[in-house]
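Here is how the chains run, residue by residue.
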Amino acid sequence: MAKKYRREPLPPLLRNLIEYSLVILGSFFVALAFNVFLLPNNIASGGVAGISTITKAVFDWEPGVVQWVLNIPLFIIGVVILGKNFGLKSFVGTIVLPLFVLLTNDIDAATDNSLLGAIFGGMGVGLGLGIVFRGRASTGGIDLAAQVVHKFTHLPLGISVALLDGMIVVTSALVFSLEEGLYALIGLFATSRTIDFVQVGFNTSKNVMIITEYVEDVRDSIFEEIDRGVTVLSGAGGYTERERRVVMCVVQQNEFIKLTQTVKMVDPGAFVIAMNATEVLGEGFKTT
């Protein structure tokens, strides 16, 4: 019988310490990217930070203070109206992020090129938010407002977020210029892609579905040549309604070509479908 391995969970105190540290570290990266890249170039790429960029230009209000003034009531509204326990870690993020914005506001801008500011500012914010999310928290702000909009309008949450961020980007285009509004969109895109990277990393795997008449031979060849496990699924042809078996195998990117070559050696007529699998947990892949 194969030996089973069980990862012991972290003690609650250590786990909480790590998660709070991630929230604080991520908030610092967000604040640094905001002050070094976004704010100096008038890139209001959505969120409460984008609002504070606009109010800084129009009223010369301190961005960190504006973020506090907006974030804390939004957090309270989220708790009262939505009736959810957003958690102490999210409240810490709501408080700490504007504090870091204030503490880093004297750092010189890294560039006066708006395109570079949008790209690297968006990436920096995405890196910070991804770290905060790994700490199982958030920094409040527009996400909470979007949930309130979702509750009362029944719009999908993703559309609610997009609408609010879109309004901020449009406002920035009116306050600054159309060009800077477009740079704000680039910043938003860079943020979203970087968050995805922090969440799933570079190690995108392939989930391969193989429809073949030679299931056992294909399975054995994968065992021998690729040293990967497979799952055999039951299916049926949509046209013939004939029962078919489907071999499913998950491999790393660098194993994909070898897998297809192995399958074709056994059955040149095999039907092979490959899909990206961005989060694979289990033996041979990530364990947590």
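Residues numbered from 1 in each chain as written. Predicted model: local features only at pLDDT ≥ 70, side-chain atom pairs only at ≥ 80, totals over all residues. Heavy atoms only, no water.

The protein goes by YitT family protein in an unreviewed UniProt entry, where it is assigned to Halobacillus yeomjeoni. Here is the UniProt Subcellular location (unreviewed entry) comment for the protein, exactly as written: "Cell membrane". (UniProt positions renumbered as here; feature names shortened; annotations may be inferred.)

Colleague: Would you mind showing me how to read the nonpolar core here?
Modeller: When a protein is soluble and globular, its nonpolar side chains tend to lie buried together. In this structure, Ile43 and Val125 are the most contacted members of the largest nonpolar core, which totals 22 residues. Listed by contribution, the elements that provide at least two residues to this core are helix H1 (12–38), helix H4 (88–103), helix H5 (114–134) and helix H8 (178–200). Excluding residues within four positions of it along the chain, Ile43 makes contact with Leu38, Thr53, Ser114, Ala118, Tyr183 and Ala184. Listed in part, the 14 residues of the second largest apolar core include Val208, Val215, Val218 and Val230. (Core = buried A, V, L, I, M, F, W, Y, C linked by side-chain atoms within 4.5 Å. Buried < 20%, exposed > 50% of the residue type's maximum accessible area, 1.4 Å probe, protein only. Helix = DSSP H or I, 4+ residues; strand = E, 2+ residues; numbered from the N terminus. Contact = heavy atoms within 4.5 Å.)

Colleague: What am I meant to see in unusual backbone geometry here?
Modeller: Even without being a glycine, His154 presents a positive backbone phi close to 65°. By the secondary structure assignment, His154 is in the loop between helix H6 (142–153) and helix H7 (157–175). Residue class for His154 comes out exposed when judged on its relative accessible area of 67%. For Asp227, which is not glycine, the phi torsion reads 60° and is therefore positive. Here Asp227 lies in the loop between helix H9 (215–225) and strand E2 (231–236). The class for Asp227 is exposed, based on a relative accessible area of 67%.

Colleague: Where do I start with the UniProt feature "transmembrane region" (unreviewed entry) in the protein in this structure?
Modeller: Mapped onto the present numbering, the UniProt feature "transmembrane region" (unreviewed entry) falls on residues 20–39, 65–83, 90–107, 113–133 and 154–176. Structurally, residues 113–133 comprises 95% helix and 0% strand, and the distance from its first C-alpha atom to its last is 29 Å.

Colleague: Honestly, the packing of H5 against H8 in this entry has me stumped. Any pointers?
Modeller: Working note: a packed helix pair is described by the angle between its axes plus the distance between those axes. The contact between H5 and H8 brings their axes to 7 Å, and the two run at 35°. Considering the relative orientation of H5 and H8, their crossing is right-handed. Residue composition of the contact of H5 with H8, grouped by class: 14 nonpolar, 8 polar and 1 charged. (Axes fitted to C-alpha atoms, helices over the stretch in contact; angles between N-to-C directions. Left-handed = near helix turned anticlockwise from the far one by under 90°. Nonpolar A, V, L, I, M, F, W, Y, C, P; charged D, E, K, R; others polar.)

Colleague: I'm lost on the pairing of strand E1 (residues 205–211) in this one. Help?
Modeller: Working note: regular strand, side chains alternate between the two faces of the sheet. Burial analysis of E1 places 6 of its 7 residues in the buried class, the great majority of the element. Taken together, the 7 bridges between E1 and strand E3 (residues 243–252) define a ladder with antiparallel strand orientation. Opposite Asn207, over in E3, you have Val250 as the bridge partner. Direction of pairing for E1 relative to strand E4 (residues 271–277): antiparallel, over a ladder of 7 bridges. Its bridge partner being in E4, Val208 is matched across the sheet by Ala274. (Pairing = 2+ DSSP bridges.)

Colleague: What is the right way to read the side chain of Thr194 from this model?
Modeller: The residue Thr194 is located in helix H8 in this model. When neighbours within four sequence positions are excluded, Thr194 is seen to be in contact with Gly122, Met123, Gly126 and Leu127.

Colleague: It is not clear to me how the packing of H1 against H5 should be interpreted in this structure. Could you clarify?
Modeller: Close contact between H1 and H5 brings their axes to 7 Å; oriented N to C, the two are set at 170°. When the axes of H1 and H5 are compared, the pair comes out roughly antiparallel. Of the residues in the contact of H1 with H5, the class split is 15 nonpolar, 7 polar and 1 charged. (Parallel < 35°, antiparallel > 145°, perpendicular 65-115°, else oblique.)

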